[in-house]
Amino acid sequence: MAGEQTSLWLSMQREGEQASSNPQAASAVQREKAAERFLKTYDYAIKESFYGDGFGAGK
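Residue numbers here run from 1 along each chain, matching the order of that chain's written sequence. With pLDDT at 70 or above as the cut-off, local features in this predicted model cover only qualifying residues; side-chain atom pairs require 80 or more to be listed or tallied, and sums for whole chains, interfaces and linings still use all residues. To obtain the side-chain values, all non-hydrogen atoms of the structure were included, while hydrogens and water were left out.

Trainee: Whenever I open this one, the overall build of the chain confuses me. Can you help?
Mentor: Each helix and strand in the chain was counted, giving two helices and zero strands. For accessible areas, the Shrake-Rupley method is used with a probe of radius 1.4 Å. Any residue's cover is judged against the shown protein chains and nothing else. Here the chain has roughly 6,000 Å² of accessible surface; of this, 56% comes from carbon and sulfur atoms. Strands are runs of DSSP state E lasting at least two residues, helices are runs of H or I lasting at least four, and both sets are numbered from the N terminus onward.

Trainee: What is the right way to read the pattern of salt bridges from this model?
Mentor: For side chains of opposite charge, pairing can occur when their charged atoms come near one another. The term salt bridge refers to a pairing of a side-chain nitrogen on Lys or Arg with a carboxyl oxygen on Asp or Glu at a separation within 4 Å. Considering all chains together, one arrives at one salt bridge under this definition. Its salt-bridge partner being E15, residue R14 comes within 3.5 Å of it at the nearest N-O pair. Each member of the pair, R14 together with E15, is exposed. Only protein chains enter the accessibility calculation, which uses a 1.4 Å probe; a residue is then buried when its area is under 20% of its type maximum, exposed when over 50%, and partly exposed in between.

Okay, structure coming up:
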């Protein structure tokens, strides 16, 4: 069942069973740049609807 597989995968992630043995740390500069990029996303309004903009199946 899909629900059981999802629960198993989430459990493995939570427990770190599939975690990399290589450290994946970002430098202070990288963290600052990432935070700046994230905050810039608030500069643009989210459209009410994407209908009529060419989004959809087969386009």
